[in-house]
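Per-entry structural report
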Amino acid sequence: MRVEDLPTLTLREDRRAETVLGLGTGAALGATYEFKRPEDVPEKSLEIMGGVFGWEPGEPTDDTEIALAVLEGYKEGSLDLSRVRDAMLLHEGKRSKGHREPDPEGA
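As a starting point, this report considers the structure included with it. The residue numbers shown here count from 1 along each chain, following its written sequence. Confidence filtering applies because this is a predicted model: local features only for residues at pLDDT of at least 70, side-chain atom pairs given and counted only at 80 or more, and all residues used for totals across whole chains, interfaces and linings. To get the side-chain values, take all heavy atoms of the structure and skip hydrogens and water.

Observations concerning the overall build of the chain
Put simply, the rule is: Where helices and strands are cited, they refer to DSSP runs of H or I of at least four residues and of E of at least two residues respectively, numbered from the N terminus. Here's how the labels work: a residue is buried when its accessible area is under 20% of the maximum for its type, exposed when over 50%, partly exposed in between, all with a 1.4 Å probe on protein chains only. Residues count as neighbours in contact if any of their non-hydrogen atoms are within 4.5 Å of one another. All accessibility values rest on the Shrake-Rupley procedure with a 1.4 Å probe; residue burial counts only the protein chains present in the view.
Of regular secondary structure, the chain possesses three helices and zero strands. Ordering the α and β elements of the chain from the N terminus gives α-α-α. Counting the 107 residues in the chain, one finds 21% classified as buried. Within the chain, residue pairs in contact and separated by at least 24 positions form 49% of the contacts whose partners lie at least 6 positions apart. For the chain, the computed accessible surface area is about 8100 Å², with 59% contributed by carbon and sulfur atoms.

This is the structure in structure tokens:
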């Protein structure tokens, strides 16, 4: 789906798109504090990158990539696990090229 397609979506398609965008946004905003204890998360913070994997602003997290892989499995209607597998392998190939080890300090 492209941004240009958004105005033409049905109500159901629009809700699906909003759900996926919400998931990706939540994962991106939460990635900074992944694996941290609640008391280690500042009450107010403008930091929106980093975390234990050093995510860049706008970079999808592994949670988002996996969710997109599952959605790919439903592209033709019913769940096709081979499509999910192929999408996950594609994701893994992209990640392994730029693989990062977790930073225990959460830089």
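We are not done yet, so read on.
Brief notes about the packing of helix α1 (residues 11-31) against helix α2 (residues 62-73)
Cut-off, in case you're wondering: Axis lines are fitted through C-alpha atoms, for helices just across the contact stretch, and the angle between N-to-C directions can take any value from 0 to 180 degrees. Roughly parallel here means an angle under 35 degrees, roughly antiparallel means over 145, roughly perpendicular means 65 to 115, and every remaining angle is called oblique. Handedness of a crossing follows from how the near helix is turned relative to the far one, being left-handed for an anticlockwise turn of less than a right angle and right-handed for a clockwise one. Here the term charged refers only to Asp, Glu, Lys and Arg, the term nonpolar to Ala, Val, Leu, Ile, Met, Phe, Trp, Tyr, Cys and Pro, and the term polar to all other amino acids, Gly among them.
In the contact formed by α1 and α2, the axes pass within 9 Å of each other and the chain directions differ by 160 degrees. The angle between the axes of α1 and α2 places the two elements in the roughly antiparallel class. Relative to α2, α1 is oriented so that their crossing is right-handed. Each of Val20, Leu23, Gly24 and Ala27 in α1 lies in contact with α2, whose residues at this interface are Thr64, Ala67, Leu68 and Leu71. Per-class residue counts for the contact of α1 with α2 are six nonpolar, two polar and no charged.

Section: α1
What counts is decided by this rule: A helix is expected to span 1.5 Å for every residue after the first. Directions pointing from the helix axis toward each C-beta atom define the arc.
If you check α1, its first and last C-alpha atoms are 30 Å apart, about what 21 residues at 1.5 Å a residue would give, namely 30 Å. Within α1 the residues assigned to the buried category are Ala17, Gly24, Ala27 and Ala31. The arc that holds the buried residues of α1, viewed along the axis, is 95 degrees, so those residues lie on one side. Exposed residues on α1 whose side chains face more than 90 degrees from its buried face are Leu11, Arg12, Arg15 and Thr19. Buried residues in α1 make contact with α2.

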